[in-house]
Amino acid sequence: MVLKFKFTYKSSDKTLSKFLDFASKQFDCEYKIYQELDFVCLYIKANEEILEKFSESLSVYIPMSIYYYDVQIEVIDEIPSLDFICLNQDKTISFCPTCLKEVENTQSKNFYNAFKSCNICDGFEEASFLFEDKKVESNIEVFKKIALLINEDKKIKIKTLSGIFVFSKIKTLDESSSLLLTNIRKISQIIVENKIDIVALVSIEKPQINFKINEIYRQKNSVKKTNIDIRYPNDLTLYLLALQLEQYDISFLNIEEENSDFDYFLDVNYKNDIFLDIPIIKCFDNKKLILKSNSYPKNLDNVYEKFNEKNKSQFMTVLAENQLFDSSILNFYISTKDDDGMSYYSEKIDGLVDIVESFYIPSSIKEIFEEIQKTDGGKKLVENYRSKFEKEYKKAINTDISMYKSSSFYCYWGIAKIILDFKNGILENANNCFLEKGPRIDYKLFDSKKLFHKKFDYISLIKSSISFKLAGVDEETISLGFIESLAHFIGRKTDTINESYEVKAVSLCGDMFTNDLFTSLVEKSITKNFKIYYNKEFMIQK
Amino acid sequence: MGRREKVNILILGIGNILFQDEGMGVHFIHYLDEKYEFISDKNSISIVDGGTLAQRLIPEIVKYDEVIIVDCIDADNSKAGDVYFFDYKDTPSYVNWQGSAHEVEMLQTLNMIDMNKDLPTTNVLGIIPKRVSDDTTFELSNEIINAVITMESAILKYLDKLNISVKIRNMNTTIENISQISFKRDIINGPKI
């Protein structure tokens, strides 16, 4: 009997395959592993009893991964004659479930051995600790001592697989930039729990994730900030320390950079050259986006370098990661830092064209009001605004906007905030808005016979927002309108381009797509006819 | 004779809600959506706030079998608050329906669809607006407010012919209240297809 396990695994790395290989080797069976695009397939041939045991124990051998989504199992006739994939990779893998079991087993010779590694996972080789100028073997006493020192409010500098950091008890979250979660069961003490984020946090990649701080903790501890970056121990030194911290009821540690003050240093003497990346990710229900990482295939750097414009470079990486170079794809690159871009790629037109030209960014608010007055109904609109919001109008006119240089919607939103005299930024306001729908803000391209290289009508955008303010709509609701209407614009543009040119799918990149609200609105606005692609291992915005 | 297939009906509100009476098409479809539950064992009702999207509504319109467009119109010898209900293909000569004063594209949009022979059966529920000024407010004129009863009766009669019955869901719905929240209100009877 042959079982086929088909894992949806959106990475080209061999981590899952290596674990599957290890698991299969523990059973009397014939097997083959095949990996292509978003899938890893394991074909395993054995008698029914062995296959049942294998299926039951698979979860023991296979850790969770940020790239793993689901698995389908089916019975097939024979193992197909495919080439077994090569399992070699440069990527460092943090401790595996098997090694973890061993270092926690009091009977094992590796009990509290922070340098345990195996064929699958990596660690410091031929290593020992250096503590207070003395060489120390890894054992439970070392970790008891460090945990005690931390409990006594000492700052401990520790050499980890990802570099050197200073760890200490949390004083106030407002002074912390990131935390190490040392007790997963106590995570809700500080943050708002979310199953997808928590599973990702403890996955084999051990990423850093931004969490919302819960209101009870904020009020009780007078914390001003709303969010905090958190990661989970990604090497055995930190993991074993975390176990010892439990007896002091310490569930989080403050993380500081290497050059921060410290009281003690737990250094490591080791032989090999090793570094474990800490990816920074953003989790959604249906995907994970990488914000920062060094663990992607390095050929993507070459793909990225092919264009000078960041929006096109990024688009190329989406095409490369999803193998879409023979398709027709419409890309939206929306960024808070760079110039935005909308471009269409098709093999049929031998490349890439811009849908929209670089946006015009006005040099002053005065210029914007002057331009509005030249439009139909614009004079009356400005007059009404000046008389109804005299203070706001004067303030806006006298505000310098020379810092807004990027050709981006985000930049226009910054300018709109000044004109409308909003207390908070458009994105922040929209995120705080509890309504499901906002007013329709105009996102229009100037009419022209050509379908490409169109100009964006920023005056209509500003005019419509002024109109809603005049009509008495509050700033959070107008801000939601700004975000929602851009999402609808993206949806409409997709349909329009598709009417004249074939669009097979849409690609979305740029850091604006790490915003939950915006991304969900864009995904809702793009009709189901179009599949949506994102970067997989590469950052959503380099 | 075989049974008639399911009829998908679209009620499309047109207009710019920022300019008083000119947004009546949009406010009225929100009013219907809030006030009534539409019942039919065979046909479907979809209510869409078309705003000023005009040509961008083409992909939406062509999907339906029956379309009722609610918009402001102009007509000879008419006064504010007068209501007209007519077949688009048989538009009376005294009706000058060019959409609203700010967006004249709706008529062109329907013409374009018609030229492509994609236009579903289309009726227009038109109202003569009072104020079409450049002041931005959601307030409506009394003439328009008083016309709601006629508009409601016309559209419900037509829906009845299409085997759609209605049940009042929210008795307290008024066009004055709806006009203040149309811009942020989610439509209950959104697109079914």
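(A) Summary view of the overall build of chain B. A tally of helices and strands in chain B yields five helices and nine strands. Moving toward the C terminus, one meets the helices and strands of chain B in the order β-α-β-β-α-β-β-β-β-α-β-α-β-α. Along the longest, intermediate and shortest principal axes, the C-alpha atoms of chain B span 55 × 40 × 30 Å. Here chain B, with 193 residues, has 42% of them falling under the buried criterion. Considering only contacts in chain B between residues 6 or more positions apart, those separated by 24 or more positions represent 80%.

(B) Examining the overall build of chain A more closely. The helix and strand tally for chain A stands at 17 helices and 20 strands. Each principal axis of the C-alpha distribution contributes one length, and for chain A these read about 85 × 60 × 35 Å. Going through the 542 residues of chain A one by one, you find that 41% of them count as buried. Pairs at least 24 residues apart make up 71% of the contacts formed inside chain A by residues separated by at least 6 positions.

(C) Quick peek at the interface of chain B and chain A. The interface is formed by 13 residues belonging to chain B together with 18 residues belonging to chain A. Broken down by class, the residue content of the side of chain B that touches chain A amounts to four nonpolar, three polar and six charged.

(D) Looking closely at helix 1 (residues 15-25) of chain A. Most of helix 1 of chain A is tucked away, with eight of its eleven residues classed as buried. Against the buried residues of helix 1 of chain A lie strand 1 (2-9), strand 2 (30-36), strand 3 (39-45), helix 2 (48-61) and strand 4 (68-76) of chain A.

(E) Structural view of the sheet that holds strand 2 of chain A. All names here are of chain A. With antiparallel pairing, the four strands of this open sheet are ordered in space as 2-3-1-4. Strands at the two margins of the open sheet, each flanked by one partner only, are strand 2 and strand 4. With direction set aside, neighbouring strand axes in the sheet form an average angle of 15°. Here strand 1 pairs with strand 4 via eight bridges, running antiparallel. Across the sheet, the residue bridging to Leu3 is Val75, located in strand 4.

(F) Quick look at the packing of helix 4 (residues 140-151) of chain A against helix 7 (residues 236-245) of chain A. Residues and elements named next belong to chain A. Packing of helix 4 against helix 7 leaves a shortest axis separation of 9 Å and a crossing angle of 65°. Like other packed secondary-structure pairs, helix 4 and helix 7 cross with a definite hand, here right-handed. Between helix 4 and helix 7, the contacting residues are Phe143, Lys144, Ile146, Ala147 and Ile150 on the first element and Leu240, Leu241, Gln244 and Leu245 on the second. Tallied by class, residues from the contact of helix 4 with helix 7 come to seven nonpolar, one polar and one charged.

(G) How the structure looks around the confidence of the model for chain B. Residue-level pLDDT values for chain B average 88, and 90% of them are 70 or greater. Model confidence for the complex is summarised by a pTM of 0.87, with the ipTM given as 0.73.

(H) Quick look at the environment of Ile128 of chain B. Residue and element names in this part refer to chain B. Position of Ile128 among the secondary structure elements: in the loop between strand 8 (121-127) and helix 4 (142-161). Residue classification places Ile128 among the buried residues on the basis of 21 C-beta atoms within 10 Å. Not counting residues up to four positions away in its chain, the partners in contact with Ile128 are Ile73, Asp74, Ala75, Ser78, Lys79, Ala80, Gly81 and Asp82.

(I) Fine view of the pairing of strand 14 (residues 280-283) of chain A. Residue and element names in this part refer to chain A. Pairing geometry for strand 10 (residues 208-212) and strand 14, over two bridges, is parallel. Bridged to Ile209 within strand 14 is Ile281. In this structure, the hairpin formed by strand 14 and strand 15 (residues 288-292) is closed by a connection of four residues.

(J) Representation of the domain arrangement of chain A within the structure. Residues and elements named next belong to chain A. Looking at the assigned domains, one finds that chain A contains domain 1 (2-76), domain 2 (97-269) and domain 3 (365-499). Taken over C-alpha atoms, the centre of domain 1 sits 31 Å from the centre of domain 2. Of the residues lining the interface, ten residues belong to domain 1; the matching set on domain 2 comes to nine residues. For the side of domain 1 that touches domain 2, the secondary-structure elements that each account for two or more residues are helix 1 and helix 2. Residue composition of the side of domain 1 that touches domain 2, grouped by class: seven nonpolar, two polar and one charged.

Basis of the calculations
Residues numbered from 1 in each chain as written. Chains lettered and ligands numbered in written order. Predicted model: local features only at pLDDT ≥ 70, side-chain atom pairs only at ≥ 80, totals over all residues. Helix = DSSP H or I, 4+ residues; strand = E, 2+ residues; numbered from the N terminus. Buried ≥ 20, exposed ≤ 12 C-beta atoms within 10 Å, placed from the backbone. Contact = placed C-beta atoms within 7 Å. Nonpolar A, V, L, I, M, F, W, Y, C, P; charged D, E, K, R; others polar. Pairing = 2+ DSSP bridges. Axes fitted to C-alpha atoms, helices over the stretch in contact; angles between N-to-C directions. Left-handed = near helix turned anticlockwise from the far one by under 90°. pLDDT = per-residue confidence, 0-100. Domains from an automatic or database assignment.

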